[in-house]
Amino acid sequence: MLIAATSSHAPFFAGLLLGASLIIAIGAQNAFVLRQGLLQSHRFPVALFCAMSDAVLIAAGVGGLGAAVGQHPRLLAVVACAGALVLLWYGVQALRRAFHPEVLTPDTHLNTSTMWQVLATCAGFTWLNPHVYLDTVLLIGSLASPWPWPGPRVWFGVGAATSSFIWFFGLAYGARLLAPLFRKPMAWRVLDVLIALVMWGIAGKLLLSFLAP
């Protein structure tokens, strides 16, 4: 039991770290969740909807794409290297944002809508965003494929999904504490630099795992 638990730590924290790096970025969905948190309106269903949506898409990537690619070693190497290149590009984008920081300024003066209206809007921000599919189904799915199936790969997906739950619920319920901080460009500058370093670190390890003799 101890050996099994220990073996699950590495893929879980790898997925958790990757998921956190991908999800913590300025965007319409995060701004919407933050606004609902500031209004203290339908925070739980909004956070749950966003987190569950990520979990479903991550499961599709880890269970479908990852399993399919894992059966072809050469294709696995190509996809893993492609995923590493995407991570490198995400790191470059994060670093560029650090030099030109933005600020989350959700409008807190809108009238409160019903829960279903809020969830409908949240669904649009979530499921109509092409970057969501790139990050969850394709990127996380491909980066999960080097982990053996099912155990470590499933733990990798669980880690990535856990980061979504932590982020969305933390953002929704901690909005009043976070909002003053993240209205300052310097806060986003520091955060984006950290994201860039994490992205490049993961990409480097992924490339070395395939290029090393």
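Just so it is clear, the structure is predicted and the values come from calculations on it, not from any experiment.

1. Section: helix H5 (residues 115–127)
- A rise of 1.5 Å per residue sets the reference length of H5, with its 13 residues, at 18 Å; its end C-alpha atoms lie 18 Å apart and thus fit the reference within 8%.
- Listed as buried for H5 are Val118, Leu119, Cys122 and Thr126. For H5, the angular spread of buried residues about the axis comes to 95°, placing them on one side. Exposed side of H5, more than 90 degrees from the buried face: Trp116 and Ala120 are the residues found there.

2. Details of the nonpolar core
- Leu18, Leu87, Ile140 and Phe168 are the most contacted members of the largest nonpolar core, which totals 45 residues.
- Element by element, the count of residues in this core is highest for helix H9 (residues 185–211), at 9 residues.
- With near-sequence residues (within four places) excluded, Phe168 lies in contact with Ile23, Gln29, Asn30, Val33, Ala47, Cys50, Ala51 and Asp54.

3. Comments concerning the environment of Phe32
- The topology assignment puts Phe32 in helix H2 (residues 28–39).
- Taking relative accessible area as the criterion, Phe32 reaches 7% and is therefore assigned buried.
- The spacing of Phe32 and Ala172 is 140 residues in sequence and 9.4 Å in space, taken between C-alpha atoms.
- Contact partners of Phe32, with chain neighbours within four places excluded, come to Val46, Val118, Thr121, Cys122 and Phe125.

4. Brief notes about the confidence of the model for the protein chain
- The pLDDT averaged across the protein chain works out to 79; a share of 80% of its residues lies at or above 70.
- Least confident of the elements in the protein chain is helix H1 (residues 2–23), whose mean pLDDT is 76; most confident is helix H7 (residues 151–173), at 92.
- This model gives residues 1–6 a pLDDT under 50, and the stretch forms 0 contacts once residues within four places in sequence are excluded.

Reading the values: the criteria
- Residues numbered from 1 in each chain as written.
- Predicted model: local features only at pLDDT ≥ 70, side-chain atom pairs only at ≥ 80, totals over all residues.
- Heavy atoms only, no water.
- Helix = DSSP H or I, 4+ residues; strand = E, 2+ residues; numbered from the N terminus.
- Expected span 1.5 Å × (residues − 1).
- Buried < 20%, exposed > 50% of the residue type's maximum accessible area, 1.4 Å probe, protein only.
- Arc of directions from axis to C-beta.
- Core = buried A, V, L, I, M, F, W, Y, C linked by side-chain atoms within 4.5 Å.
- Contact = heavy atoms within 4.5 Å.
- pLDDT = per-residue confidence, 0-100.

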